[in-house]
Amino acid sequence: MLESVLRRFRPLSAASVRSLSGFPPLFPAAQVRKTFLDFFQESHGHILVPSSPVRPRGDPSLLFVNAGMNQFKPVFLGTADPRSPMATYRRVVNSQKCVRAGGKHNDLDDVGRDVYHHTFFEMLGNWSFGDYFKEEACHMAWSLLTEHYGIPANRLYVSYFGGDSKSRLPADEETRRIWLDLGVPPARILPFGLKDNFWEMGDTGPCGPCTEIHYDHVGGRDAAALVNADSPDVVEIWNLVFIQYNREADHSLRPLPKFCVDTGMGLERLVSVLQGKRSNYDTDLFTPLLDAIHQSSGVGPYLGRTGAADEGQVDMAYRVVADHIRTLSVCIADGVHPGMSGPELVLRRILRRAVRFCVEVLKIPQGALGSLVPTVVHTLGDVYPELSVDVDRITDVINENEAHFLSSLEQGSRIIRRTLSKQETRDDPFPASVAWSLHRDLGFPLDLVDLMLEEKGVQVDREELDRLVAQHQKAASELQSDAPSQVTPDVLSLAALLRLGLPHTDDSLKYQYQLDRGRYVFPACHATVLALYDGQVLVPEVREGQRCGVVLDQTCFYSEQGGQSHDLGYFTRTGLPDVLYPVEAVVRAGGYVVHQVTAADSLKTGDHIQLHLDQVHRLSCMVNHTATHVLNFALRKVLGPSVHQRGSHVSADRLRFDFSVKGSLGSSELQQVERCVNDIIAANQMVHSSELPLQRVRTIPGLRTVDEVYPDPVRVVSLEVPVSELLDAEMDRETSVELCCGTHLLQTGAIENLVIVSEKQLAKGVSRIIAVTGQEAIQARETGRALSQDVDSMSARLPGSAHSSLDYAQRISREASVLSDAVDNASMPQWQRRELQGRLRTILRTTNTLIRKLEAREAGQKAQGLLEKNNIKDLLVDSVDTDSLSDSTALAASDWAMEVCGHFGGRAGGSAVVAKGTGISNDITEALRWAEHIARQKIR
């Protein structure tokens, strides 16, 4: 068969060795991509597998999919569900959407500075899973590049793994010989070490040597010295990885039972080669975007300049916006939205970086960034159809986030200019406290602050900034504890406020938000400082940097109560709009709302301020609080009226709910509760609230309360049915209705999804549920599906006693233990965790039972060998090498050792399996004879 394969690859003809002018005059990116896919699919029997979303499927080690092989990890690792199509893959080809921003592979900070870095790119790849290997892979790659794409062979160099003596890995001479057979000159076949030409999936797992194909943009010279030398003139275009080893935990390498090929070639770089461009941004993947950006900008056209030649960083800004709008469009289409943690936080940084360059450098009006989405769809939508489906939604998400950031950006720029104007010289470091305030209060990524300062020739006080970050992390940890906040006024402080005749704080604005075309709009709030606390002491004024408690005449901030976390945000003082007073905690005591603040400037009673609410944090709390009510209702509906709330806590990232129940919930009950909750979410029920006299609301059927003192009048929150209708004695409609002072959604649909990720008994009769909502819930379900497939795969690979080796059984046992740990610790549906835990326990029991049988069989074989060596004696005293001590005989080692050593005046100890001791004798033969004698007595 190999001969027939090789016949398809004829020797290079003279036509293959052409100058750069020999390229076709037009080789559009779409044709480049199609040629690659068709070559492997139609000519070499590969299956075309669509790109996976950029959000990894059940892989918490990645923020984004960053390589073509990510979705095929189960195949490489042998964990693919044997019933799935993936288990049948032998030859595969695809074009994978990839994002490298954040985590181990992070190109974000480099994008725009040069002409080849990107946060989003397409990875062309072909794979063999136990099918072809090095020879056919190299032949196909060379044929595609030189014959189908027409790249001159005299512009290409190849590298291969040159071996590593420390790892005892020989040079990959097989690959070198393959390239020689293909006609590559020996001087263009270059050896490199582990760093450049040995690929590893991680600290452990599949790995192997690789061979790379490099292209010389200049040509007509010997450029061998520039390969792998970070030269922009000689670039890698294709990496062929030959996965043939497995890296063990002890760093040793073991050959894999099935060899694989994993190749990757960046489309953007390949297109630049085929279109004769030195810059990826000069290809038709980017020129439509650059033209669209220019049409909206207030600057000249893109000229491709870099470094000092790029005056005002205009061309850098073009590249940043063109790259980032592609990343934003693809990520949002795949369900990753700008947010506050994980990949969502990275995407938020990308969007804000793009907006900043749009506004400050390119002079692009608001909304123009989102208007680029159709251009992205035009260039990518044919191959990634999900982009075409969601054009309007992608645009809306970008526009909404842009508008929010622009207001913060303008204020941040003013703060930087104002701070710099106060410094005596530009040699002074920028105050870390101001940089931290921009990050904490306005949402500026710290690297963006660095970039804005870099443009002005200033650096931040890095040591002090690191100290502030560490201090913030410590403070956040303290605030999450159950200890009362330090700003809570004591009885004497409250008495002092009353003596001064200060009115209680009006915090009704915290409830006065509305839905406007699907977005929550929160009211503006202006207030007057009524009192200031230094610790527990009232003071007329506080100084810059002083931590204090602030009492206002009114506030829109929610104070910590009813199990809901307090709001976050900041104040600004009238006449000083660029100085931010961060609000770190909010508590309510005696009718007064006290805001814990670190003063950014002086503050005194009588000052007028404006309050700025952290709307993302508030909305997250609203989502989880409404979800808690829905969960409470679902528990009672599924488990019966005996369920009563025993406590709860709502934060921006999760909800916790304690309730009375006879025992821990079963998997079926957990699923029923989740279904009930998600049915209500899907129905997008209205959330109603009213403030009524306490005595009157107690007549409402099905009213849920907890054991605490309620205000009178009291706030009532209900789902679907207005509170006024629930007061009707004849109303007989089952719904959620609770006394609650928290802030809630106006419709349940914004919860999106709920997953119970933990359920356990705190004490007899009381259980605690922890649940997540929204994207965190969706990700938890994806993680559960992925782990379930892993367990299915392991079940299919369980060894049978008749034909299994001890090594294989032990390896399965180890893998099951690792998978069990992953199931125990993952954020996933609790019902699914329990099912998988049960299955894994069964797998471990089965494999461990088999291991004991195999060990016994092996021990018996070794014992038989000893008997034969010693002429089949009834009892032997000798040593036997063993891999395990799990089997114990009727003769306890500790008893035997104590008898023998005691006879010789010594002592011994140990277990039934292993024992040791000492004694005094100058005749080892006598000691062995006595040991045999004791053993015979014990056995009888």
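Residue indices begin from 1 for each chain and proceed along its sequence in written order. Where local features are concerned, this predicted model is filtered to residues with pLDDT of at least 70; where side-chain atom pairs are given and counted, the filter is 80 or more; whole-chain, interface and lining totals use all residues. Water and hydrogen atoms were dropped before computing side-chain values, which therefore reflect all heavy atoms in the structure.

Undergrad: So what's going on with the side chain of His617? Residues and values would help.
TA: Under the scheme used here, helices are H or I runs from DSSP no shorter than 4 residues and strands are E runs no shorter than 2 residues, and both carry numbers assigned from the N terminus. Its location among the elements puts His617 in helix H18 (residues 615–639). Under the relative-accessibility criterion, His617 is labelled buried at 16%. The contact criterion used throughout is that any non-hydrogen atoms of two residues lie within 4.5 Å. For His617, the contacting residues outside a window of four places in its chain are His566, Asp567, Leu568 and Ala652. Three labels apply to residues, based on accessible area from a 1.4 Å probe with only protein chains included: buried if under 20% of the type maximum, exposed if over 50%, partly exposed otherwise in between.

Undergrad: Give a detailed account of the pairing of strand E4 (residues 156–161), specifying residues and quantitative values.
TA: With six of six residues buried, E4 is to be regarded as a mostly interior element. Residues of E4 alternate between two faces, with Leu156, Val158 and Tyr160 on one and Tyr157, Ser159 and Phe161 on the opposite face, all of them buried. Whether two strands pair comes down to DSSP finding at least two bridges between them. In this structure, E4 lies alongside strand E7 (residues 205–216), joined through four bridges in antiparallel fashion. Among the inter-strand pairings, Ser159 is bridged to a residue of E7, identified as Glu212. Two strands pair when backbone bridges link them, and E4 and strand E5 (residues 189–192) are joined in this way by four bridges, in the parallel orientation. Note that in E5 the partner of Val158 across the bridge is Ile189.

Undergrad: Break down the packing of aromatic side chains for me, citing the residues and quoting the values.
TA: Pairing of aromatic rings covers Phe, Tyr and Trp, the last through its six-membered ring, and needs centres within 6.5 Å; plane angles under 30 degrees mean stacked, over 60 mean edge-to-face, and all others mean tilted. A full pass over the atoms with the stated rule returns 20 aromatic pairs. For the ring pair Phe72 and Tyr89, a centre distance of 6.1 Å and an interplane angle of 75° mean the geometry is edge-to-face. With Phe72 in the loop between strand E1 (47–48) and helix H3 (73–77) and Tyr89 in the loop between H3 and strand E2 (91–99), this residue pair connects regions lying 17 residues apart in the sequence. In this pair, the class of Phe72 matches that of Tyr89, namely buried. Their ring planes at 25° and their centres at 6.0 Å tell us that Phe657 and Phe659 sit as a pair that is stacked. For Phe657, a relative accessible area of 0% gives the class buried. Residue classification places Phe659 among the buried positions, given a relative accessible area of 0%. Linked through ring pairs, Phe72, Phe76, Tyr89, Trp127 and Phe129 together constitute an aromatic cluster. Definition used: whenever NZ (Lys) or CZ (Arg) falls within 6 Å of the ring centre and also within 35 degrees of the ring normal, the charge is taken to sit over that ring. The cationic tip of Arg188 hangs over the ring face of Tyr157; the distance from NZ or CZ to the ring centre is 4.3 Å.

Undergrad: Describe the pairing of strand E20 (residues 608–613), naming the residues involved and giving the relevant values.
TA: Going residue by residue along E20, you find Ile609, Leu611 and Leu613 tucked away on one face and His608, Gln610 and His612 left uncovered on the opposite face. Direction of pairing for strand E12 (residues 525–534) relative to E20: antiparallel, over a ladder of four bridges. Across the sheet, Thr528 pairs through a bridge with His608, a residue of E20. One ladder, built from five bridges, connects strand E16 (residues 569–573) with E20; its direction is antiparallel. The residue of E20 that forms the bridge with Thr572 is Gln610.

Undergrad: How would you explain helix H5 (residues 173–181) if you had to name every residue and give the values?
TA: When we look at burial in H5, the residues that qualify are Thr175, Ile178 and Trp179. The arc that holds every buried residue of H5, seen down its axis, measures 95°, which confines them to one face. Looking at the residues trailing H5, positive phi occurs at Gly183, about 95°. By definition, the arc is the one covered by directions from the helix axis to the C-beta atoms.

Undergrad: Got a sec to walk through the pattern of salt bridges? Specific residues and values, please.
TA: Each salt bridge in this description consists of a side-chain nitrogen of Lys or Arg and a carboxyl oxygen of Asp or Glu lying within 4 Å of one another. For the structure on display, the rule yields 36 salt bridges. For Glu410, the salt bridge identified is with Arg414, shortest N-O distance 3.6 Å. Of the two residues, Glu410 and Arg414 both sit in helix H13 (residues 391–422), four residues apart, roughly one turn of that helix. You can call Glu410 exposed: its relative accessible area is 53%. Beyond isolated ion pairs, a larger network of salt bridges with shared partners links Arg91, Asp131 and Glu136.

Undergrad: Hey, could you go over the UniProt feature "binding site: Zn(2+)" (unreviewed entry) in the protein chain for me, with residue numbers and the actual values?
TA: UniProt positions are given in the numbering used here, feature names are shortened, and annotations may be inferred rather than shown by experiment. If you check UniProt for "binding site: Zn(2+)" (unreviewed entry), the listed places come out as His625, His629, Cys740 and His744 in our numbering. Spanning 120 residues, the annotated positions come together in the fold, the maximum distance between their C-alpha atoms being 9.8 Å. With respect to the element layout, His625 can be found in helix H18. Of note is the side chain of His625, whose polar atom sits 2.7 Å from the side chain of Gln564. Relative to the helices and strands, His629 is located in helix H18. Residue classification places His629 among the buried positions, given a relative accessible area of 4%. Nitrogen and oxygen atoms within 3.5 Å of one another constitute a polar contact, given that in protein one can donate a hydrogen and the other can accept it, and given that sequence-neighbouring residues count only through two side-chain atoms.

Undergrad: Explain the sheet that holds strand E24 (residues 714–719) to me, and be specific about the residues and the numbers.
TA: Sheet architecture is open: three strands sit in the order E23-E24-E25, paired in antiparallel fashion. In the strand order of this sheet, the two ends are held by strand E23 (687–692) and strand E25 (737–739), each with one partner. Pairwise comparison of adjacent strand axes, ignoring direction, gives a mean angle of 20° for this sheet. As paired strands, E23 and E24 are joined by six bridges and run antiparallel to one another. Looking at E24, one finds that Ser689 is bridged to Val717. The axes are straight lines fitted to the C-alpha atoms, using for helices just the contacting stretch, and the angles between their N-to-C directions are given from 0 to 180°.

Undergrad: Now, about the nonpolar core: what can you tell me, with residues and values included?
TA: Within the largest apolar cluster, 121 residues are counted, with the highest numbers of intra-cluster contacts made by Phe36, Tyr149, Ile151, Ile213, Ile237 and Trp238. When residues in this core are grouped by element, the largest group, 13 residues, is from helix H9 (residues 314–333). One finds Phe522, Leu665, Leu670 and Val717 within the second-largest nonpolar core, a separate group that totals 35 residues. We define the nonpolar core as a collection of buried residues of types Ala, Val, Leu, Ile, Met, Phe, Trp, Tyr and Cys that are connected through side-chain atoms lying within 4.5 Å of one another.

Undergrad: Please give an account of unusual backbone geometry that cites residues and values.
TA: For residues that are not glycine, phi is negative in most cases, and the peptide bond is trans in most cases. Not every positive phi belongs to a glycine, and Glu720 is a case in point at roughly 70°. Structurally, Glu720 is set in the loop between E24 and helix H21 (723–726). Judged by its relative accessible area of 36%, Glu720 is partly exposed. Positive phi values are uncommon outside glycine, yet Glu752 reaches one of about 70°. Within the element layout of this structure, Glu752 appears in the loop between E25 and strand E26 (754–763).

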